[in-house]
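Descriptive structure summary
Here's the letter readout for the chains.
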Amino acid sequence: MAIGAGWVLFGVPWLVMLGGALLRRDRAVELRRHWRFWVVPPLAAALAGALVYVGAPVRVRFELSRGSLEHLAQTVSDGTPPEERRWIGLYPVKYLVGSRGAVGFMIEDAGFFGSYGFAWSSNGEPDIDAPGSYRHFDGRWYVWSDD
């Protein structure tokens, strides 16, 4: 939805202005003189789209939160019962589950149709007493989707 709103707020007016500039008689001079105005928005949109496509925002947020996530995962894995936490690192946590050397963090408001989070496991794929599927993310970490 954010991409659609961005397109309506910035993309459509940009296209209308480009069309107006192309229809004017002195369009070649005008376009050459203000080429940055016409080139920067589509390049910025393409760069932002490429970063989202390769998962850079998720990776950066995870790396900034890794210390807090791993500390709590290790603590719960060692036998300390999980406590209710509102935030772990940069993630608002809806709930967390710990069992048999694995911990799952379900992130609040992640996903449009389902819930998503991270799971940590000391021995391969997490074995958590909660429904869902797991996809390897990094090291001992998995992306947990609550299908």
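Everything below is about the structure printed above this text.
Here goes a summary of the coordinates provided. This structure is a prediction, so every number in the text was calculated from the model and none was measured.

**Details of the overall build of the protein chain**
Along the protein chain, the regular secondary structure elements total four helices and six strands. Taken from N to C terminus, the helices and strands of the protein chain fall in the order α-α-α-α-β-β-β-β-β-β. Across the 147 residues of the protein chain, 29% fall into the buried class. Across the protein chain, every contact between residues at least 6 apart in sequence was considered, and the portion connecting residues at least 24 apart equals 39%. Carbon and sulfur atoms form 63% of the exposed surface of the protein chain, whose accessible area is close to 9900 Å².

**Structural notes on the pairing of strand 2 (residues 91-99)**
With two bridges joining them, strand 1 (residues 87-88) and strand 2 adopt antiparallel strand pairing. Residue pairing for strand 2: Trp 87 is matched across the bridge by Pro 92. Following strand 1, the chain reverses through two residues before pairing antiparallel with strand 2; Gly 89 in that reversal takes a positive phi of roughly 65°. Bridge count between strand 2 and strand 3 (residues 102-107): six bridges; the pairing is antiparallel. Bridging from a neighbouring strand, Tyr 95 pairs with Met 106 of strand 3.

**Quick look at helix 3 (residues 35-53)**
Note that an α-helix has 3.6 residues per turn; residues three or four places apart therefore point the same way. The first and last C-alpha atoms of helix 3 sit 27 Å apart over 19 residues, in line with the 27 Å expected at 1.5 Å per residue. One or two residues past the end of helix 3 sits Gly 55, with phi positive at roughly 85°.

**Observations regarding the nonpolar core**
Counting residues in hydrophobic clusters, the biggest one holds 17 residues, and the most contacted among them are Phe 62, Leu 69, Ile 88, Phe 105, Phe 118 and Trp 141. For this core, the secondary structure elements donating two or more residues are helix 4 (56-77), strand 2, strand 3, strand 4 (115-121) and strand 6 (141-146). The dominant element in this core, judged by the number of residues it contributes, is helix 4, at five residues. Residues within four places of Ile 88 in sequence aside, it is in contact with Ser 65, Ser 68, Leu 69, Leu 72, Val 93, Leu 96 and Phe 105. Among the nonpolar cores identified, the runner-up in size contains nine residues, and Val 97, Ala 102, Ala 119 and Trp 144 belong to it.

**Details of helix 4**
The largest bend along helix 4 reaches roughly 55° and is located at Ser 65. Of all the positions in helix 4, only Phe 62, Ser 65, Arg 66, Leu 69, Leu 72, Ala 73 and Val 76 are classed as buried. Residues of helix 4 that are buried sit in contact with strand 1, strand 2, strand 3, strand 4, strand 5 (133-138) and strand 6. In the stretch just after helix 4, Gly 79 is the one whose phi turns positive, near 120°.

**Some remarks on the sheet that holds strand 6**
Strand order across the open sheet formed by six strands is 1-2-3-4-6-5, with antiparallel pairing between neighbours. Because the sheet does not close on itself, it has two edges, and the strands there are strand 1 and strand 5.

**Thoughts on the packing of aromatic side chains**
Aromatic ring pairs are described here by two measures, namely the spacing of the ring centres and the angle between the planes. A complete count under the given rule lists eight aromatic pairs for this structure. Taking 5.5 Å as the distance between ring centres and 80° as the angle between the ring planes, the aromatic pair formed by Phe 62 and Trp 141 counts as edge-to-face. In this pair, Phe 62 is assigned in helix 4 and Trp 141 in strand 6, connecting sequence segments 79 residues apart. When sorted by exposure, Phe 62 lands in the same class as Trp 141, which is buried. Residues Tyr 91 and Phe 118 carry aromatic rings whose centres are separated by 5.4 Å and whose planes lie at 65° to one another, so their mutual orientation is edge-to-face. With Tyr 91 in strand 2 and Phe 118 in strand 4, the pair connects residues that are 27 residues apart, well separated along the chain. For Phe 118, a relative accessible area of 5% corresponds to the buried category. Its guanidinium or amino end placed over the ring of Phe 137, Arg 59 lies 4.3 Å from that ring's centre, counting from NZ or CZ.

Each value, and the rule that gives it
Residues numbered from 1 in each chain as written. Predicted model: local features only at pLDDT ≥ 70, side-chain atom pairs only at ≥ 80, totals over all residues. Heavy atoms only, no water. Helix = DSSP H or I, 4+ residues; strand = E, 2+ residues; numbered from the N terminus. Buried < 20%, exposed > 50% of the residue type's maximum accessible area, 1.4 Å probe, protein only. Contact = heavy atoms within 4.5 Å. Areas by Shrake-Rupley, 256 points an atom, 1.4 Å probe, with all protein chains shown as cover. Pairing = 2+ DSSP bridges. Expected span 1.5 Å × (residues − 1). Core = buried A, V, L, I, M, F, W, Y, C linked by side-chain atoms within 4.5 Å. Bend = angle between axes of the 7 residues up to and from the residue. Phe/Tyr/Trp six-rings, centres within 6.5 Å; stacked < 30°, edge-to-face > 60°. Lys NZ or Arg CZ within 6 Å of the ring centre and 35° of its normal.

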